[in-house]
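Breakdown of the fold
Each chain, written out:
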Amino acid sequence: MSAGIAPVERFASSPQLRRRQRLSEVSRWVFLVTTLAALGVLVFLGIDVMRVGSDRLGLDFLTSYPSRRAADAGLRSSILGSAWILGMTLLFTVPISVGTAVWIEEFAPRNRFMDFVKLNLANLAGVPSIIFGVLGLVVFSRLLGLGPSLLTGALTLFLMIMPMTVIAAQEAIRQVPSGLREGALALGLTDWQTTWYQVLPYAAPGILTGVILGVSRAAGETAALIMIGAFAFIAFDNTSVFDSFTTLPIQIYNWTVRPQPAFQEIAASGIIVLMGIVLAFNILAAILRERFRR
Amino acid sequence: MQGTLERTPPAGLYRRRRFGRPGEDLIKLALVACGMVSLLAMVLILGVLVEGAAEFFREVPVTKFFHIGEWQPFFEPIDFSIWELVAGTLNVVLWSLVLAVPFGLGSAIYLGAYAPPRVRAVLKPFLEALASVPTVVYAYFALTFITLDVLRPLLGDRIDVFNPLGASIVMAVMILPTIASISEDAMHNVPRELHEGAYALGATRLEVAVRIVLPAAFSGVMASILLAIARVVGETMIVAVAAGSTPTLTLSPLTGIQTMTGYMLQVGLGDAARGTIQYSSLFAVGMMLMLMTLSFNIAAQILVTRYKEQYE
């Protein structure tokens, strides 16, 4: 903001001026400390989780079913459940979120109704996840009779991340230079061909970044899934979208709230795995965004 | 604004082309259908909450819901006074803001006014990463590390094992990027002439940041705080794990409480069978929660548009 402006520090003369300038210099360090404080908490969290949880990490832990005894319990069903549900959420999210963004940015007229659609998306983005859980419980689980199944979970998580993925896709589409569209139209492409062959490939990295961040949020979501009834003891491999399921965050929650310290230790091990996955998603998104910027 | 012209395709230009290939109309219809999903989602959310809450209020009169009493749905005498849950939510909002606002604004000022570009480029992504940590991880951290390893040894029995302070501390970390990032954005939008004028009059860097730029960016800063409040009000896992499950009408950070979201999760975990009054209370509480988060979010959106328009 003010990087290019020479501050007046050097011309100090009166004691009052010197005091003001000293205050200004001290404030630099105070503000730096406030910035680093929250990061310090994050570092503590990392160290604490590694210290407590790294002992149990191993192939055994990743491939065992949950158990009544902490020493035998593992993440097999929750890793499989997470993989299923994220894959399914992705299947719903990509066509519908991108379709919505294309419609809003490329085809829809600009009028009051579209203002309302955009306002509704912004509001939907602020709805707490547990409310999406209530929606999933009543509509998908009960009214549609899907029960606390993978399908119910994926539909719920899809609705939860849709607003943020649509907004990210809209941003990406808006970045496409209009010369590309005009060139394509001038060569006789129809408007849909223009969108499909010119606009979407150009906007793809930006759209993908938003989708990955959305899926990363879904990967860490707990409350919405507990609300639809996915708080069960699962000791089998999921094979169908109508199976009941558990996920990594649910399993971590389950172990965290038990009174025995042994379970809190494996909760920490679970957190290491979950954080690894979330971190991988975020790094992937960051790489894509960098490439997008070029 | 040249940039805006570049990016906005002329409205309706493509729609007027008559020579679409067969099938393309179908594709466009599918796109409209996609767009309707977001509207449908909002309609379903409101419908589910209103329908469920109506069922609840048929048995428990609205006046009973809003009278001053206790939230005691599971034991005799059964009482449904929402204020204890609202107080629980406000308790966590209060203490997490007390921590997050000074630190968040400090970070915003540092990143916006002090940090050299290279330091800023390193710090900002790390700060924003705080918002992507799953909340169940924060919940674990609030209960085990903050409460059991730090607060309990420090304060002894004056603090409950399940307390709002531990939850508020990690909640503050979670919302800090929201406050820092949006506030910095708003400060960035303040026209250069204002900084330069102040520097020309001999103001120091601190004086420019705190007395010129921060007030000029006020509506953006307020918007960031409102968005942060909405996130705290809607957050579930941290408070459910760390803040307790005993509804209490208090703003003390040391006593166990229950928030609206905490109660909803308790019902979701199966503490109330379907068809009972406890189960349908879920929707009344959900309605209250929805109203609170919606109003904070809408207020924030109004302020954001204002600061974007202010200096253009």
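Remember, it's a predicted structure, so these values are computed and weren't measured experimentally.

1. Overview of helix H7 (residues 164-188) of chain B
Residues and elements named next belong to chain B. Here H7 is 25 residues long and its end C-alpha atoms lie 35 Å apart, about the 36 Å a rise of 1.5 Å per residue gives. Of all the bends in H7, the greatest, near 40 degrees, is centred on Ile175, and the proline Pro177 appears no more than four residues after it. Where burial is concerned, most of H7 is hidden: 22 out of the 25 residues are buried.

2. Thoughts on the interface of chain A and chain B
With 81 residues of chain A at the interface, the matching set in chain B holds 85 residues. With 17 residues, helix H1 (residues 15-53) of chain A is the largest single contributor of residues to the side of chain A that touches chain B. In terms of residue class, the side of chain A that touches chain B is built from 52 nonpolar, 21 polar and eight charged.

3. A word on the domain arrangement of chain A
Frequently, the measure chosen for interface size is the accessible area that the parts lose on association. Residue and element names in this part refer to chain A. Domain boundaries assigned for chain A yield domain 1 (13-53) and domain 2 (60-293). On a C-alpha basis, the centres of domain 1 and domain 2 stand 35 Å from each other. Across the contact, four residues belong to domain 1 and five residues belong to domain 2. For the side of domain 1 that touches domain 2, the per-class residue count stands at three nonpolar, one polar and no charged.

4. Quick look at unusual backbone geometry
Residue Pro77 of chain B is bonded to the preceding Glu76 of chain B through a cis peptide linkage, with omega at -10 degrees. Position of Pro77 of chain B relative to the elements: it lies in the loop between strand E1 (71-72) and strand E2 (79-80).

5. Focus: the packing of helix H6 (residues 135-155) of chain B against H7 of chain B
Residue and element names in this part refer to chain B. Packing of H6 against H7 leaves a shortest axis separation of 9 Å and a crossing angle of 125 degrees. Between H6 and H7, the crossing angle belongs to the class labelled oblique. As for the relative orientation of H6 and H7, their crossing is right-handed in sense. Residue-level contacts link Tyr138, Phe141, Ala142, Leu143, Ile146, Thr147 and Leu151 of H6 to Leu165, Gly166, Ala167, Ile169, Val170 and Met174 of H7. Along the lines of polarity and charge, the residues of the contact of H6 with H7 split into eleven nonpolar, two polar and no charged.

6. What to know about the environment of Pro261 of chain A
All names here are of chain A. Among the secondary structure elements, Pro261 is positioned in helix H11 (residues 261-293). Accessibility expressed as a C-beta count within 10 Å gives 11 for Pro261, which makes it exposed. Sequence separation of Pro261 and Ala70 is 191 residues, and the distance between their C-alpha atoms is 9.3 Å.

7. Re the nonpolar core
Grouped together as the largest cluster of nonpolar side chains are 188 residues, with contacts concentrated most on Ala139, Ala142, Val170, Leu176, Ile238 and Ala242 of chain B. When we break this core down by domain, the ones giving at least three residues each are domain 1 (13-53) and domain 2 (60-293) of chain A. The contact partners of Ala242 of chain B, leaving out residues within four places of it in the chain, are Ala139, Ala142, Leu143, Thr147, Phe162, Gly166 and Ala167 of chain B.

8. Re the confidence of the model for chain B
Residues and elements named next belong to chain B. On average, residues of chain B score 89 in pLDDT, and 92% of them are at 70 or above. Scored below 50 in pLDDT, residues 1-6 makes two contacts in the model with residues more than four places away or belonging to other chains. The ipTM value of the predicted complex is 0.90, and its pTM value is 0.90.

Criteria and thresholds
Residues numbered from 1 in each chain as written. Chains lettered and ligands numbered in written order. Predicted model: local features only at pLDDT ≥ 70, side-chain atom pairs only at ≥ 80, totals over all residues. Helix = DSSP H or I, 4+ residues; strand = E, 2+ residues; numbered from the N terminus. Expected span 1.5 Å × (residues − 1). Bend = angle between axes of the 7 residues up to and from the residue. Buried ≥ 20, exposed ≤ 12 C-beta atoms within 10 Å, placed from the backbone. Contact = placed C-beta atoms within 7 Å. Nonpolar A, V, L, I, M, F, W, Y, C, P; charged D, E, K, R; others polar. Domains from an automatic or database assignment. Axes fitted to C-alpha atoms, helices over the stretch in contact; angles between N-to-C directions. Parallel < 35°, antiparallel > 145°, perpendicular 65-115°, else oblique. Left-handed = near helix turned anticlockwise from the far one by under 90°. Core = buried A, V, L, I, M, F, W, Y, C linked by C-beta atoms within 7 Å. pLDDT = per-residue confidence, 0-100.

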